[in-house]
Every structure is written in C-alpha cells, then in structure tokens.
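# Observations on chain architecture
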Amino acid sequence: MNKEQLQVYFICGTPNCPKGKFLDILEAAFKSGVTCFQFREKGQEALSGQEKKELALKVKELCRKYHVLFFINDDIDLALEIGVDGVHLGQDDMPVREARKLFPDKLIGLSVGNAKEYHLSAIDVVDYIGVGPIFPTSSKSDAGQVIGLNGLREMRELDKDIPIVAIGGITFGDVAAIRQSGADGVAVISAIAQSKEVELDTQRFARAFD
C-alpha cells in the first residue's frame, strides 16, 4: 500500500466525541488533512446493529467524498456487508490469515504491541501494523503497556519494510520524533475527536508530514 495514505490516521467512534458531533467532527477532519480513517465503535453507549450500520454507511460516503481510506475495526460482518477499503484487527480479534481469506483484495492492519506479538503474528498477510501505545492514553482501555519511542525503534529494526502507524497519546508536537523513530504515520483519537479546533489541529498533523 501507499505509505503516505497512513500519515494522518484518525480513529473514532461516537463514544470518543461530544454527543451528536461525530459526523461533524469527521467532515471537519477529513477536509483538513486526514488520510485514513478507522471506524471503531466501541465502549459505553456505542451503537450496534442497524444504527451502527447506518452510521457506517454515512462514514463511507464521507470517506469517498474526501478520498480518505476507510477501515472498520474488528467488525468483519459489517465490513463485508457495506464494502470498505480495509479492516483493522487486534491480537485477540479474528486471526489475520482467516481475515485475508475473506478480504483477498482489501487492506488489513494489525495491532502489534511488542516484539513477541510481532513474531507470533502472520505479518506476511497484513498491509501495515499499528504499533503502541507510544505514550500513555486514556482513549483505549485495552491499549496495553506503553513502549515509548525506544519500543517503536525496536519494531522498525525488526521489520525495515512494513508500513508502521504509531498510536497512543500522540500530539502533533510528537510527529517529528515518531517519524525519526521509524513510523510512517500517526494514529490519533482524542487529539482530533476532543479538539476544540478540529480543522486547525488536523492541519497541524498534516503539516508535520510536509
């Protein structure tokens, strides 16, 4: 895949945003420099069933409008039903070899937190890995142990070629150090979803890659 498409990777679901603002935040971010979006509808008050599907279709429409790659987190059935650019899986989700059989022509991302997980994962069938948490984060209760920039560098040493997206507590001021440590992109949740100036903060992330 084109590594540049992973540069500003926004992850979000309705529980991450102020109530009723989800689609407004997405559109503001998409038109301001987001290159990739992952729909992660998890946590308290998360939508499910038909409501989740209807929202996902609206997200897909926005992604197409602004030429943003559209990933769905974990929900294989929904991804198959509505048609997406790819899926992102965690270590405890569907094994990536099974996912590849279902999505032979789609992009697959995998969360990899450390060298052990890397060696136990079918890296040969995924298109990129999400590495972290780099810094402490409150956005994901299951984020795992913080690995820091040193951990990110170790992951890049393990694999010189695979696209890496760094995640976990990242602000636009961290982008330069994260790039120097081997990541091709940064994944953020609250830095955009909770921003009071979504367009401006998204632009700051995008400009950090110029």
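Reading the values: rules and limits
- Per chain, residues are indexed from 1 in the order of the written sequence.
- In keeping with the model being predicted, local features are shown solely for residues with a pLDDT of at least 70 and side-chain atom pairs are shown and tallied solely at 80 or more, while totals for entire chains, interfaces and linings include all residues.
- Hydrogen atoms and water are omitted, and side-chain values are computed over all heavy atoms in the structure.
- The secondary structure listing takes helices from DSSP runs of H or I that are at least 4 residues long and strands from runs of E that are at least 2 residues long, numbered from the N terminus.
- The span expected for a helix works out to 1.5 Å for each residue beyond the first.
- Each residue gets one of three labels from its accessible area relative to the maximum for its type: buried under 20%, exposed over 50%, partly exposed in between, using a 1.4 Å probe on protein chains only.
- Picture the helix axis, draw a direction to every C-beta atom, and the arc is the one those directions span.
- In this analysis, two residues are considered to be in contact whenever any of their non-hydrogen atoms come within 4.5 Å of each other.
- UniProt positions are given in the numbering used here, feature names are shortened, and annotations may be inferred rather than shown by experiment.
- Whenever two N or O atoms come within 3.5 Å, that pair is a polar contact, provided that in protein one can donate a hydrogen and the other can accept it, and provided that, for residues adjacent in sequence, both atoms are side-chain atoms.

## Re helix H2 (residues 49–66)
Compared with the 26 Å implied by 1.5 Å per residue over 18 residues, the 26 Å span of H2 between its first and last C-alpha is a close match. Where H2 is concerned, the buried positions are Lys-52, Leu-55, Ala-56, Val-59, Leu-62 and Cys-63. For H2, the angular spread of buried residues about the axis comes to 120°, placing them on one side. Opposite the buried face of H2, by more than 90 degrees, sit the exposed residues Glu-61 and Lys-65. On the buried face of H2, the contacting elements are helix H1 (22–30), strand S2 (36–39), strand S3 (69–73) and helix H3 (76–82). Once H2 finishes, His-67 follows within two positions and takes phi at roughly 55°, a positive value.

## What to know about the UniProt feature "binding site: 4-amino-2-methyl-5-(diphosphooxymethyl)pyrimidine" (unreviewed entry) in the protein chain
Per the UniProt annotation, the sites labelled "binding site: 4-amino-2-methyl-5-(diphosphooxymethyl)pyrimidine" (unreviewed entry) are Gln-38, Phe-39, Arg-40, Glu-41, Lys-42, Asn-73, Ser-111 and Lys-140. The contact partners of Asn-73, leaving out residues within four places of it in the chain, are Gln-38, Phe-39, Arg-40, Lys-42 and His-88. Within the structure, Asn-73 has its side chain in polar contact with the side chain of Lys-42 (distance 3.1 Å).

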